[in-house]
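# Results of the structural survey
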Amino acid sequence: SNSPNPGQHRHRTPYPSSQLTMQFSKAILLALVALLALVGLSEAAPRASASHILVKSENEANEIKARVEAGEDFAELARQHSTCPSSRKGGALGEFGPGQMVKEFNDVVFSDEVGVVHGPVKTQFGYHLILITSRDD
C-alpha cells in the first residue's frame, strides 16, 4: 500500500530535543573533566628554582659548605669554585620542573627544605651543593 512508513517521521529528527540536550550536556561534562585533569596535572607538577656549586671532590664540597654555613655568600663561592657554566650567574639554574634535572639532583630539589644548602650530592658530574631558592608545592 501507499501509506507512509511510520518510521519516516522519526527519521527526520534523529533525536527528540531532550535527547539532544543530553548529548550536549555530556559533551560539556567531558570538556570540564578534561580541563580539570589538565589543571590537576599542572598542580601536580611543582616548579622550583635552585642554585648549585659543582666541584670534583666530596672534600672540596664539604669545605665550601662549611664556609656557606659560616656566613659566606653562596653566589660568590659558586663564582669562585663551581665548575658548572652556571657559576657565572652565582650558580643560579633558573626555574625547572620535576624530571628536568638528573635524578639525584631532582630528588633533593623537590623534597628537601627550601632556603637551606643541601649536599654534597653526588651525580655523574661530580659533587653538588644545592640551594633550593623557591618551590611552589
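Described in the following lines is the structure provided in the data block.

The next subject is the overall build of the protein chain. When helices and strands are counted, the protein chain shows 5 helices and 4 strands. When the helices and strands of the protein chain are read in sequence order from the N terminus, they spell out α-α-β-α-α-β-α-β-β. Expressed as a percentage of its 137 residues, the buried residues of the protein chain come to 30%. In the protein chain, the proportion of contacts linking residues at least 24 apart, taken out of those at least 6 apart, comes to 56%. Looking at the protein chain as shown, the accessible area adds up to about 9,200 Å², and 57% of this sits on carbon and sulfur atoms.

Another aspect to go through is the packing of aromatic side chains. Each aromatic ring pair is described using two quantities: the centre-to-centre distance and the angle formed by the ring planes. Throughout the structure, instances matching the rule amount to 1 aromatic pair. Here the aromatic rings of Phe-96 and Phe-110 are separated by 6.1 Å at their centres, their planes lie at 80°, and the arrangement is edge-to-face. Highlighted residues: Phe-96 in strand 2 (residues 92-96) and Phe-110 in the loop between helix 5 (103-109) and strand 3 (117-123), separated in sequence by 14 residues. The same class applies to Phe-96 as to Phe-110, namely buried.

Here we come to the packing of helix 3 (residues 58-69) against helix 4 (residues 74-81). Where helix 3 meets helix 4, the axes come as close as 10 Å, and the angle between the chain directions of the two elements is 150°. Regarding the angle of helix 3 to helix 4, the classification is roughly antiparallel. The chirality of how helix 3 crosses helix 4 is right-handed. Every residue of helix 4 that contacts helix 3 at Glu-60, Ile-64, Arg-67 and Val-68 is listed here: Phe-74, Leu-77, Gln-80 and His-81. By residue class, the composition of the contact of helix 3 with helix 4 is 4 nonpolar, 2 polar and 2 charged.

Parameters at a glance
Residues numbered from 1 in each chain as written. Predicted model: local features only at pLDDT ≥ 70, side-chain atom pairs only at ≥ 80, totals over all residues. Heavy atoms only, no water. Helix = DSSP H or I, 4+ residues; strand = E, 2+ residues; numbered from the N terminus. Buried < 20%, exposed > 50% of the residue type's maximum accessible area, 1.4 Å probe, protein only. Contact = heavy atoms within 4.5 Å. Areas by Shrake-Rupley, 256 points an atom, 1.4 Å probe, with all protein chains shown as cover. Phe/Tyr/Trp six-rings, centres within 6.5 Å; stacked < 30°, edge-to-face > 60°. Axes fitted to C-alpha atoms, helices over the stretch in contact; angles between N-to-C directions. Parallel < 35°, antiparallel > 145°, perpendicular 65-115°, else oblique. Left-handed = near helix turned anticlockwise from the far one by under 90°. Nonpolar A, V, L, I, M, F, W, Y, C, P; charged D, E, K, R; others polar.

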